[in-house]
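Analysis of the macromolecular model
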Amino acid sequence: MRRLIFATNNKHKLTEVRAALSDVKDIEIVSLAEAGLEGEIPETADTLEGNAQQKAEWVLDRIKTEEFRMKNSFDGVFADDTGLEVEALGGAPGVYSARFAGEHCSFDDNIDKLLGALDGEKNRKACFRTVICLIEGVKGGEKFFEGRVDGQILTERHSNGEGFGYDPVFMPDRFAVSFAEMPLEVKNSISHRGLAVKKLAEYLVTFKV
Ligand code: IMP
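Note that residues are indexed from 1 along each chain, following the sequence as it is written. The predicted origin of the model limits local features to residues at a pLDDT of at least 70 and limits the giving and counting of side-chain atom pairs to 80 or more, whereas totals for whole chains, interfaces and linings rest on all residues. Note that the side-chain values use all heavy atoms of the structure and ignore hydrogens as well as water.

**Here's the deal with the overall build of the protein**
Heads up, the rule is: Each helix corresponds to a stretch of at least 4 residues labelled H or I by DSSP, and each strand to a stretch of at least 2 residues labelled E; elements are numbered beginning at the N terminus. Radius of gyration: over C-alpha atoms. The globule rule applied is 2.2 Å multiplied by the number of residues raised to the 0.38 power. Three exposure classes are used, based on accessible area relative to the maximum for each residue type with a 1.4 Å probe and protein chains only: buried under 20%, partly exposed in between, and exposed over 50%. Note on definitions: a residue-residue contact is assigned when non-hydrogen atoms from the two residues lie within 4.5 Å. We get accessible surface area from the Shrake-Rupley algorithm with a probe of 1.4 Å; when it comes to residues, only the shown protein chains can shield them. Positive: Lys, Arg. Negative: Asp, Glu. His and the chain ends are not part of the count. Working definition for charges: the position is that of NZ of Lys, CZ of Arg, CG of Asp or CD of Glu.
A tally of helices and strands in the protein yields six helices and seven strands. Ordered by position from the N terminus, the helices and strands of the protein form the series β-α-β-α-α-β-β-α-β-β-β-α-α. Its C-alpha atoms give the protein a radius of gyration of 17 Å, within 12% of the compact-globule value 17 Å for 209 residues. Dimensions of the protein, computed from C-alpha atoms along their principal axes, come out at roughly 60 × 35 × 25 Å. Here the protein holds 209 residues, and the buried ones make up 46% of them. Across the protein, contacts joining residues at least 24 apart in sequence account for 61% of those joining residues at least 6 apart. Accessible surface, the protein: about 10,700 Å² in total, of which carbon and sulfur atoms supply 49%. Counting 27 positive and 36 negative side-chain charges, the protein places the centres of these two groups 4 Å from one another.

**Considerations on the site of the ligand**
Applied cut-off: The near set for a molecule or strand comprises every residue that places at least one heavy atom within 4 Å of it. Contacts described as polar in this section are N or O atom pairs within 3.5 Å, which, within protein, must combine one atom able to donate a hydrogen with one able to accept it, while residues neighboring in sequence count only if both atoms come from side chains. For this classification, Asp, Glu, Lys and Arg are treated as charged, while Ala, Val, Leu, Ile, Met, Phe, Trp, Tyr, Cys and Pro are nonpolar and the rest, including Gly, are polar.
Lys13, Asp81, Asp167, Lys187 and Arg193 are the nearest of the 16 residues found near the ligand. The separation between an oxygen atom of the ligand and a polar main-chain atom of Thr82 is 3.3 Å. The contact in question runs from an oxygen atom of the ligand to an N or O atom on the side chain of His192, over 3.0 Å. Considering the ligand on its own, with 470 Å² of exposed area, one finds that the protein chains cover 93% of that surface. If you list the elements that add at least two residues to the shell around the ligand, you get strand S3 (76–86) and helix H6 (192–206). Among the elements that take part in the shell around the ligand, S3 stands out by supplying three residues, more than any other. Split by residue class, the shell around the ligand holds five nonpolar, four polar and seven charged.

Pasting the structure below:
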């Protein structure tokens, strides 16, 4: 069994990623909490690639210590970073999507700010982009996997309780519902993170870490 730490504290993401990787045999995805790692992971880069790598390296630094390795064994670590890029806002909020409405703001605060910024705007085009950085324990060196989904920002929330973040106001192209109205399997099959994780899964199947 290969054990990989997913550098996240976000339960929604963990569920999505575990579901997306469920077909890959011999892989166990371990969350930060399950690995006994605590603390705020730094996210200070100004690109998605930079942030994903920073998060993965933060975990790697902790699991490399002798004390940690005495008690645990892991084959690698991966981290993701996602941004919502809105065309009419010049690509904002992008890498700052989590704190668009300020530090420690809620998903609702971010959506309110986004809808306000696009008030009266006809161009609603946007995309979600995810970059995953994988660092393999034995081989070392980082690998990047990117997923992207294009769509539109709705003028108001559409939700039946699924999803998180900007999901209630993002409608992917070729669909008539928002991400927050889709069953998780459907979102996973077309979403930025789903596509990036699919590439990660293909890599993990082909090249055993
Ligand atoms: P993160 O860097 O992956 O944590 O994502 C940054 C922010 O983008 C999150 O705080 C969410 O607001 C938003 N986000 C990321 N993934 C999704 C998604 O699948 N749906 C909606 N919003 C998302």
